[in-house]
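Read off the chains here:
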Amino acid sequence: QVQLVESGGGLVQAGGSLRLSCAASGRTFSRYLMGWFRQAPGKEREFVAAISGSALSIRYANSVKGRFTISRDNAKNTVYLQMNSLKPEDTAVYYCAATGSVGTFAREYDYWGQGTQVTVSS
């Protein structure tokens, strides 16, 4: 019932910023917990951040806490990931995901976007 499309990825220098967007289809978008995950070559997909439907509950991975900010605009059916102070280790394909329950684990998410590449150069 939900289709997700990420955008905003690209190449940036270390210390720079990038803002990812995830556009979602569906009338019930506001009821979904939205999450961002990332996957680097040869590594498992890892949790980055999540935000509840009301935007009152937010979680971040320790590796990005203080640097990344997740937000959502339910009127626009869009979730964002503002990434600041980017590091080369942030390089990965970033995925937007949605779940009707709680989630910091990929297996808990029901819908996934196709991903957007983020590359951070030294």
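Residues numbered from 1 in each chain as written. Predicted model: local features only at pLDDT ≥ 70, side-chain atom pairs only at ≥ 80, totals over all residues. Heavy atoms only, no water.

Chemist: I keep staring at the pattern of salt bridges and nothing clicks. Help me out?
Modeler: Two side chains with opposite charge may pair up if their charged atoms get near one another. One pass over the full model with this rule turns up 3 salt bridges. Among the ionic pairs, Arg38 bridges to Glu46, the shortest N-O distance being 2.7 Å. Since its relative accessible area comes to 6%, Arg38 is described here as buried. Because the salt bridges share partners, they merge into one network encompassing Arg38, Glu46, Arg67 and Asp90. (Salt bridge = Lys/Arg side-chain N within 4 Å of Asp/Glu carboxyl O. Buried < 20%, exposed > 50% of the residue type's maximum accessible area, 1.4 Å probe, protein only.)

Chemist: Help me understand the environment of Ser85 in this model?
Modeler: In this fold, Ser85 is placed in the loop between β8 (78-83) and β9 (92-99). Judged by its relative accessible area of 41%, Ser85 falls in the partly exposed class. Sequence-wise, Ser85 and Gln13 are 72 residues apart; in three dimensions their C-alpha atoms are separated by 9.5 Å. Those residues within four positions of Ser85 in sequence are excluded, and the remaining contacts are Gly15, Gly16, Ser17, Arg67 and Asp90. (Helix = DSSP H or I, 4+ residues; strand = E, 2+ residues; numbered from the N terminus. Contact = heavy atoms within 4.5 Å.)

Chemist: How should I be thinking about unusual backbone geometry in this particular structure?
Modeler: A positive phi angle, close to 55°, is found at Asn77, a residue other than glycine. As for its placement among the helices and strands, Asn77 is situated in the loop between β7 (68-73) and β8. If you check the backbone angles, Ser85 has positive phi at about 50° while not being a glycine.

Note that every value here comes from positions in space, so none of it alone points to a role or purpose.
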